[in-house]
Amino acid sequence: MSGSAVLLQFLNGLAGASSLFLVAAGLSLIFGVSRIVNFAHGSLYMLGMYLAVSLSGTLGFWLSVPLAAALVAAAGLVIETTLLRRIYKAPELLQLLATFALVLIIRDAALWAWGPEDRLGPRAPGLAGAVAIAGRQFPQYDLLLICLGPAVFIALYLLLSRTRWGTRVRAASQDREMAAALGVNERRLFTAVFALGALLAGFGGASAIPREPASLQIDLAVMSDAFVVVVVGGLGSIPGAFLAALLIGEVKAFCIGLGYSELTLAIEFIVMAVVLVFRPWGLLGRPLAETRGPGTLQPPLPAPSFLLLGGLAVLLAIVPVFAGPYTIVLLTDILVFALFAASLHLLMGPGGMPSFGHAAYFGLGAYTAGLLLLRAHLPMELSLALAPLAAALGALVFGWFCVQLSGVYLAMLTLAFAQIAWSVAFQWDRLTGGSNGLIGVWPAPWLSSKQAYYYLTLVLCLGAVALLWRLIDSPFGYALRAGRDSPLRAAAIGIDVRAQQWAAFGIAGLFAGVAGALYAFSKGSISPETLSVPRSVDGLVMVLLGGVQTLSGPLWGAALFTWLEDSLSRGVEYWRAAIGAVILVLVIAFPRGIFK
Amino acid sequence: MSALEVRGLSKAYGGVQAVRDVSFSVDAGEVVALIGPNGAGKTTCFNLLNGQLRPDSGEIALAGRSVVGLRPHQVWRLGVGRTFQVTATFSSMTVRENVQVALLSHHRKLFSLGKPAGRFQVEEADALLARVGMQQQAARPCAVLAYGDLKRVELAVALANRPRLLLMDEPTAGMASDERQALMQLAAALARSERIAVLFTEHDMEVVFNFASRIIVLHGGEVIAAGAPDEVRANPRVREVYLGNA
């Protein structure tokens, strides 16, 4: 790469960093005052893009950008006053889930309004050309974007440090109770900060339309980028977000510039990993105070009714005698997702780790099984047996970083990892088949009938769940729970809490991999959907639906959810949004914890 | 050789010197009180001793072995039990299970996937609970216990790996007066019979002067007096700090 090419990539990186910074700054601001990680922040960015593309048709580009940003801010206002305001005191997990429900709803709303095709934005009139820099052409508009990031940074800095309102925001970020006691009107402050965060996200999206088309996938892509930025920069730190946005923006630009666009996410992951190893709370962040308390009150874990479950197993074993093929396929799906949910429950329940990226290990199992069969030409049985090991290995690699953190940091990191895994599957055409995925992943001849495969799934899933339950009841499971109940006490009796959690990650990944591999052979094909973030959230909903504090709850939750999804997806066009709406209604109706 | 030997221990938070050049030692079988007004640096001292905090400078040795830089779970393996100012127990488990988890750790079974944890070392757990008078409540969930009972569970848990040093941070806070005496009597008896070195912080001066064989007084992060109870009681500097006059 010549000197001038390096300079150009550097400038390209700066332009990308500006958009990233706008999203990450909003995310950080909102988290600072409300302690809510807004998973829908990428969706607001996407909304800004679509609105700007639409508006620019009639109003022209320059008017459409501020107007789109203002509309997104208004949407933020509505979201805060109708939804978030009701759940500020709800458990963290429910808050995250509620904002994720918004992701589903906003995506389907965009699909309804703008259709599934990417929408190209206009060029910026007056800045549509290119300038010559070091003998190469560089888009004029990107120069403006480069200035936008620092300009917004300075404006935010002045707003927070030089105005009374900014002082209130900073006071609320540092000590919410004290700020309230001193007469800061929390309600209005929260609303205003959320609207400001939404404005920034909408502005970031709208101003990016000359560079990239608006698409439905951009929400999660931007969100996971923003998560990486705030994790690297330090949650709640605006300068940290700025610094990290520059770092990540440059990393992306150089990967793409050098022709390794597939590696972008892997490199991003490595940057994040290095930062986390040396500064677990990010470059300029500070640790969350509450992570070292004497512990939270946790209910006991009652043993499931083995009589009921035994009866159910017998029933499941005789179903194929009288059920049609449709029911058998649905039951196979239910069994697979019951195991998936049970493996996630190990992390969420006894482990106390809210994973928003469990589908990564499910997908890793599925893809490994498919690749071993199709590319390595291994027998199906061997592929099925080896695939979970790959999932466990992946879980150990990702988990090592995750267990350095806790609470929302951990949730964000798991989600970012899952998005990275999804992107690899989506982008690495030669290996994974890209967006088309893999086809022809069929089981061995003796398993080719739906019945035979159902019995295989039944035996493996019930066996795996039984193993998981035994594990939760074993000394390992107790030590894991001890670390969740009171990290302080656990460490004071010789338990290396992170080591227990790390092992739990590997085990949960292994069992998710079993579920994923079974899923792959039951469908005959694998698509990137298999490990997408919405699939991870499906798992969360299953576990919460059934009850995270019980052993058998996740199984019932998985059965109910899988059946519901199956019925909805055939009857309702926008069924993802429908699921999102159901989640929201439940969270709002029972803000103190839904499914106890 | 002392069970615990502390030399020149210092720790600052930002600009605040929480602990400054603190030196003392505790022998096996000895019950030593660490006292001082609020903010004197007692809890910081404890957190340094069991590895929750890393000292800026100074040396901490358990029976001659340095523990500076070790994490809490490693310090515990060297024989340091601890109770907390605000009790920390496993609220999803029963009283017996709390002790069993500590025993599992002691026997290095934390990664065992074998038989259910609830069937592990039941008798040993109950014997420990009997020593603190909690055997009747062994099957009750920890979440429903009275505060004084939780303190006793913590003590049983801390004894599970036969510690050489027992750190008790305000062991009797939140207990009724006769309960306080009983708990400290128990700790003192254990110290004598098992040759455990006991270091405790306490606000109740009656407890301190009844049970401590030696007293170390912290003020502003520094040791201002140390010695037998009568010496400390007579020390003018201590009187000044506690009573506000010389």
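Residues numbered from 1 in each chain as written. Chains lettered and ligands numbered in written order. Predicted model: local features only at pLDDT ≥ 70, side-chain atom pairs only at ≥ 80, totals over all residues. Heavy atoms only, no water.

(A) Spatial organisation of a nonpolar patch on the surface. All names here are of chain A. Residues Leu308, Leu312, Leu315, Ile318, Val321, Phe322, Tyr455 and Trp556 make up a contiguous nonpolar surface patch of roughly 810 Å² in combined accessible area. Element by element, the count of residues in the nonpolar patch is highest for helix α12 (residues 306–322), at six residues. On the basis of relative accessible area, Leu308 is assigned to the exposed category, the value being 51%. (Patch = residues over 30% accessible without salt bridge, like charges linked within 9 Å, V, L, I, M, F, W, Y side chains within 5 Å. Areas by Shrake-Rupley, 256 points an atom, 1.4 Å probe, with all protein chains shown as cover. Salt bridge = Lys/Arg side-chain N within 4 Å of Asp/Glu carboxyl O. Helix = DSSP H or I, 4+ residues; strand = E, 2+ residues; numbered from the N terminus. Buried < 20%, exposed > 50% of the residue type's maximum accessible area, 1.4 Å probe, protein only.)

(B) The packing of helix α15 (residues 380–402) of chain A against helix α16 (residues 407–427) of chain A, seen in detail. Residue and element names in this part refer to chain A. Packing of α15 against α16 brings their axes to within 9 Å, and their N-to-C directions diverge by 150°. For the element pair α15 / α16, the angle class is roughly antiparallel. Seen along the crossing, α15 lies across α16 with a hand that is right-handed. Between α15 and α16, the residues in contact are Phe398, Phe401 and Cys402 and Leu410, Leu413, Thr414, Phe417 and Ala421, respectively. Tallied by class, the residues present in the contact of α15 with α16 amount to seven nonpolar, one polar and no charged. (Axes fitted to C-alpha atoms, helices over the stretch in contact; angles between N-to-C directions. Parallel < 35°, antiparallel > 145°, perpendicular 65-115°, else oblique. Left-handed = near helix turned anticlockwise from the far one by under 90°. Contact = heavy atoms within 4.5 Å. Nonpolar A, V, L, I, M, F, W, Y, C, P; charged D, E, K, R; others polar.)

(C) The interface of chain B and chain A, seen in detail. Of the residues lining the interface, 35 residues belong to chain B; the matching set on chain A comes to 34 residues. Both sides of the chain B and chain A interface together cover about 2,900 Å² of buried area, and 63% of this is carbon and sulfur. Our enumeration of links across chain B and chain A arrives at two salt bridges. Run the count over chain B and chain A and you get 19 residue pairs in polar contact (both at pLDDT 80 or more). The set of elements that each furnish at least two residues to the side of chain B that touches chain A consists of α2 (72–77), β6 (80–83), α3 (95–106) and α5 (147–158) of chain B. Top contributing element to the side of chain B that touches chain A by residue count: α3(B), with five residues. Of the residues assigned to the side of chain B that touches chain A, the class counts are 18 nonpolar, 10 polar and seven charged. (Buried area = accessible area lost by both parts, 1.4 Å probe. Polar contact = N/O pair within 3.5 Å; in protein donor to acceptor, adjacent residues only side chain to side chain.)

(D) Representation of the domain arrangement of chain A. All names here are of chain A. Structurally, chain A comprises domain 1 (3–288) and domain 2 (319–531). Each of domain 1 and domain 2 was reduced to a C-alpha centroid, and the two centroids are 32 Å apart. Contacts between the two partners involve 29 residues from domain 1 and, on the opposite side, 23 residues from domain 2. For the pair domain 1 and domain 2, the summed buried area comes to about 2,500 Å², and 83% of that belongs to carbon and sulfur atoms. Remark: the boundary between domain 1 and domain 2 carries zero salt bridges. The tally of links between domain 1 and domain 2 comes to zero residue pairs in polar contact (both at pLDDT 80 or more). For the side of domain 1 that touches domain 2, the element with the most residues is helix α9 (residues 218–233), which contributes eight residues. (Domains from an automatic or database assignment.)

(E) Quick look at the environment of A:Trp442. Residues and elements named next belong to chain A. Examined against the element boundaries, Trp442 turns out to sit in the loop between β3 (438–439) and α18 (450–473). Each C-alpha atom of the pair Trp442 and Ser525 lies 7.8 Å from the other, and the pair is 83 residues apart in sequence. Residues in contact with Trp442, not counting those within four places in the same chain, are Leu373, Met380, Phe521, Ser522, Lys523 and Gly524.

(F) A look at the packing of aromatic side chains. Residue and element names in this part refer to chain A. Counted according to the given criterion, the structure contains 23 aromatic pairs over all chains. Between Phe39 and Phe356 the ring centres are 4.8 Å apart and the planes differ by 75°, which places this aromatic pair in the edge-to-face class. In this pair, Phe39 sits in the loop between α1 (3–34) and α2 (41–59) while Phe356 sits in the loop between α13 (325–348) and α14 (359–374), placing the two residues 317 residues apart along the sequence. The class for Phe39 is buried, based on a relative accessible area of 0%. On the basis of relative accessibility, which here comes to 0%, the residue Phe356 falls in the buried class. These aromatic residues form a ring-pair network of at least three members: Tyr361, Phe398, Trp400, Phe401 and Phe417. (Phe/Tyr/Trp six-rings, centres within 6.5 Å; stacked < 30°, edge-to-face > 60°.)

(G) Representation of the domain arrangement of chain B in the model. Residue and element names in this part refer to chain B. When the domains of chain B are assigned, the result is domain 1 (1–79 + 163–246) and domain 2 (91–162). A straight line from the C-alpha centre of domain 1 to that of domain 2 covers 26 Å. Residue-level contacts link 19 residues of domain 1 with 16 residues of domain 2. The largest per-residue losses of area from domain 1 upon contact with domain 2 belong to Trp76, Arg77 and Pro163, which jointly make up 40% of the total buried on that side. Run the count over domain 1 and domain 2 and you get one salt bridge. The closest approach of N and O atoms between Glu194 and Arg131, which form a salt bridge, is 2.9 Å.

(H) Region of the structure containing the pattern of salt bridges. All names here are of chain B. Scanning all chains against the criterion turns up 20 salt bridges over all chains. For Glu30, the salt bridge goes to Arg214, with nearest N and O atoms at 2.7 Å. Separated by 184 residues along the polypeptide, Glu30 in the loop between β2 (16–26) and β3 (31–35) and Arg214 in strand β9 (residues 214–219) bring together distant segments of the chain. Close ionic contact of Asp126 with Arg96 constitutes a salt bridge, the shortest N to O distance being 2.8 Å. One end of the pair, Asp126, is in helix α4 (residues 122–131); the other, Arg96, is in helix α3, and 30 residues separate them in sequence. Using a relative accessible area of 24% as the deciding quantity, one classes Arg96 as partly exposed.

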